[in-house]
Amino acid sequence: MKRIVSVSIGSSTRNNKVETEIMGEKFIIERIGTDGDMKKAIDLIKELDGKVDAFGMGGIDLYLYAGKRRYVIKDAIPLKNAAKKSPIVDGSGLKNTLERRVIKYIHDNDIVNIKGKKVLMVSAMDRFGMTQSFHEYGANLTLGDIIFALGIPIPLHSLKLLYGLASIIAPIIVKMPFKMLYPTGDKQLSINSGKYERFYNEADIIAGDYLFVKKYMPENLRNKIIVTNTVTKEDVKMLKDRGVRLLITTTPNLNGRSFGTNVMEAVLVSLSGKKPSEMEPEDYNRLLDEIGFEPRIEYLNEEAVIEK
């Protein structure tokens, strides 16, 4: 039996553990949060190193992407370096493959007609593959990287402009303490509903990392479509109560929980027999085809009909 552990600097209230079978292999998949304690996360990785088949790096990214440029987040390096024997991944491999496929899937299967839809992408540099796919299918993008990461209410509407700004500010941002950029620990539990409500109200689709989506989520999300990654049963209930009509998660539903891309990437790496550095997009796509991964598509308020 393979064991996959996501060591997250996020809240321990979001911990979960499931047993499942993928491609004939039995898996134990576990998420362990350290409530923002980076040292605890590093110590846990060192303790489990060699005892698990692969690690997911949760609650933090190793990389941010802008076009063809990749920026390394300084605070993530000690986590990566703590694993000497077991491979460790941050989900970037699936953000570049699976998340592109999900947007294609919902378009090709007439689940959502993306062309002309107003899409609030809470962080394009985090979900780069998803953002580029929305753009390719004709969505009107609002890129919230400056809003959600830096707390500055400046929306961007052009990938070219984002990439240009990123070349200037990303080298500085990735050296900042990660907790200044992204909710960690108990901050993952709080919501400032009124601060940037207008950006949610203007959107048909709200997409990207769930904790960024949740960070400023208003009370009223009636008829909105959410495209995201990790959600718990409690998250789904909250979205339903706020009126969301359609929830799409890029990773599958395992016992009521959609795990993060870092977890699912760790699963694929463990199945491939390759090192993460050896994995190419075609490797991920081949495994995704063999597994038959499909996105979780859940109508939370079915009385509202999706406009095709």
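Okay, so let's go over this structure. Keep in mind that this is a model prediction, so the values were computed, not measured.

**Focus: the overall build of the chain**
At step 1: Counting its regular elements, the chain contains twelve helices and 15 strands.
At step 2: In terms of overall dimensions, the chain is globule-like: its C-alpha atoms have a radius of gyration of 18 Å, near the 19 Å expected for 308 residues.
At step 3: Reported as C-alpha extents along the three principal axes, the dimensions of the chain are approximately 50 × 40 × 35 Å.
At step 4: Per-residue burial over the chain gives 57% buried out of 308 residues.
At step 5: Carbon together with sulfur atoms contributes 49% to the accessible area of the chain, which is approximately 13,400 Å² in total.
At step 6: Distance from the positive charge centre (46 side chains) to the negative charge centre (40 side chains) of the chain: 4 Å.

**Focus: the sheet that holds strand 8 (residues 118-121)**
At step 1: Read from one edge to the other, the open sheet built from six strands follows the order 9-8-10-11-12-15, with strand pairing classed as mixed. Where the open sheet ends on each side, the last strands, each with one partner, are strand 9 (140-143) and strand 15 (296-299). Neighbour-to-neighbour, the strand axes of the sheet open up by a mean angle of 15°, direction not taken into account.

**Observations regarding the nonpolar core**
At step 1: By size, the foremost hydrophobic cluster in this structure holds 102 residues, and its most contacted members are Ile29, Phe55, Phe134, Ile206, Val227 and Leu239.
At step 2: Per-element tally for this core: the top contributor is helix 11 (residues 261-272), with seven residues.

**Some remarks on the pattern of salt bridges**
At step 1: Applying the stated criterion across every chain yields a total of 15 salt bridges.
At step 2: For aspartate 126, the salt bridge identified is with arginine 127, shortest N-O distance 3.3 Å. By the burial criterion, aspartate 126 is buried, and arginine 127 matches it.

**Some points on the sheet that holds strand 1 (residues 2-8)**
At step 1: Within the open sheet, the five strands sit side by side as 2-3-1-4-7. Their pairing is mixed. Each edge of the sheet is formed by a strand with only one pairing partner; in this case those strands are strand 2 (16-22) and strand 7 (88-89).
At step 2: Where strand 4 (residues 54-58) meets strand 7, two bridges bridge the pair, whose relative direction is parallel. Its bridge partner lying in strand 7, phenylalanine 55 is registered against isoleucine 88.
At step 3: Along the sheet, helix 11 makes contact with strand 1, strand 2, strand 3 (25-33), strand 4 and strand 7, crossing strand 1 at roughly 150°.

**Details of helix 7 (residues 159-173)**
At step 1: Taking 1.5 Å of rise per residue, the 15 residues of helix 7 would be expected to cover 21 Å, yet its terminal C-alpha atoms sit only 18 Å apart, more than 12% below that figure.
At step 2: In the structure, helix 7 departs most strongly from a straight axis at serine 167, where the bend amounts to approximately 50° and where the proline proline 171 lies between one and four residues downstream.
At step 3: Those residues of helix 7 that fall on the buried side of the exposure criterion are Leu159, Leu162, Ala166, Ala170 and Ile173.
At step 4: Looking at the packing, one finds that the buried side of helix 7 touches strand 5 (63-66), strand 6 (69-72), helix 5 (128-136), strand 9 and helix 6 (145-150).
At step 5: Sitting at the amino-terminal end of helix 7 is serine 158, which places a side-chain oxygen 3.2 Å from the backbone nitrogen of lysine 160.

**Things to note about the packing of aromatic side chains**
At step 1: Inspection of the entire model under this criterion finds nine aromatic pairs.
At step 2: Residues tyrosine 63 and tyrosine 65 carry aromatic rings whose centres are separated by 6.1 Å and whose planes lie at 65° to one another, so their mutual orientation is edge-to-face. The residues tyrosine 63 and tyrosine 65 share a single accessibility class, namely buried.
At step 3: Between phenylalanine 178 and tyrosine 182, the ring centres sit 5.5 Å apart and the planes meet at 35°, which makes this aromatic pair tilted. Like tyrosine 182, phenylalanine 178 is buried.
At step 4: Through successive ring pairs, a cluster of aromatic residues spans Phe148, Phe178, Tyr182, Tyr196, Phe199, Tyr200, Phe212 and Tyr216.
At step 5: Taking NZ or CZ as reference, arginine 70 lies 3.8 Å from the ring centre of tyrosine 63, over its face.

**With respect to the packing of helix 11 against helix 12 (residues 281-291)**
At step 1: At a closest axis distance of 10 Å, the pairing of helix 11 and helix 12 adopts a crossing angle of 95°. By the criterion of interaxial angle, the relationship of helix 11 to helix 12 is roughly perpendicular. Contacts from Glu265, Leu268, Val269, Leu271 and Ser272 in helix 11 reach Tyr284, Leu287, Leu288 and Ile291 in helix 12.
At step 2: Taken together, the residues that form the contact of helix 11 with helix 12 break down as seven nonpolar, one polar and one charged.

What counts, and where the lines are drawn
What you see as residue numbers is a count from 1 along each chain, following the sequence as written. In view of the model being predicted, local features appear only for residues whose pLDDT reaches at least 70, and side-chain atom pairs are presented and counted only at 80 or more, with totals across whole chains, interfaces and linings using the full set of residues. Excluding hydrogens and water, the side-chain figures rest on all heavy atoms present in the structure. Counting from the N terminus, the helices are the DSSP runs of H or I reaching at least four residues and the strands are the DSSP runs of E reaching at least two. The globule rule used here is 2.2 Å times the number of residues to the 0.38 power, and the radius of gyration it is set against is calculated over C-alpha atoms. Throughout, exposure labels follow a simple rule: accessible area from a 1.4 Å probe, protein chains only, divided by the maximum for the residue type, with under 20% read as buried, over 50% as exposed, and the rest as partly exposed. Using a 1.4 Å probe, accessible areas were evaluated by the Shrake-Rupley method; residue-level cover was limited to the displayed protein chains. Positive charges come from Lys and Arg, negative ones from Asp and Glu, while His and the chain ends are left out of the count. Each charge is placed at NZ for Lys, CZ for Arg, CG for Asp and CD for Glu. Two strands are said to pair when DSSP picks up at least two bridges between them. Inter-axis angles, ranging from 0 to 180 degrees, are taken between N-to-C directions of lines fitted to C-alpha atoms, where helices are fitted over the stretch in contact. The criterion is simple. A nonpolar core is a set of buried Ala, Val, Leu, Ile, Met, Phe, Trp, Tyr and Cys residues joined through side-chain atoms within 4.5 Å. Salt bridge criterion: a side-chain nitrogen from Lys or Arg within 4 Å of a carboxyl oxygen from Asp or Glu. Two residues form a contact once any of their heavy atoms are found within 4.5 Å. Multiplying 1.5 Å by the helix residue count minus one yields the expected span of that helix. For a residue, the bend is simply the angle between two axes, fitted respectively to the seven-residue segment ending there and the seven-residue segment starting there. Between N or O atoms, a polar contact is any pair within 3.5 Å; within protein, one atom must be a potential hydrogen donor and the other a potential acceptor, and residues adjacent in sequence are included only when both atoms are from side chains. In this scheme Phe, Tyr and Trp rings, the latter by its six-membered ring, pair at centre separations within 6.5 Å, and the angle between planes marks the pair as stacked below 30 degrees, edge-to-face above 60, and tilted otherwise. Lysine and arginine charges are scored as sitting over a ring when NZ or CZ, respectively, is within 6 Å of the ring centre and within 35 degrees of the ring normal. Geometric relationships in this document are graded by angle, where less than 35 degrees denotes roughly parallel, more than 145 denotes roughly antiparallel, 65 to 115 denotes roughly perpendicular, and other angles denote oblique. Side-chain classes follow a simple rule in which Ala, Val, Leu, Ile, Met, Phe, Trp, Tyr, Cys and Pro form the nonpolar group, Asp, Glu, Lys and Arg form the charged group, and the remainder, Gly included, forms the polar group.

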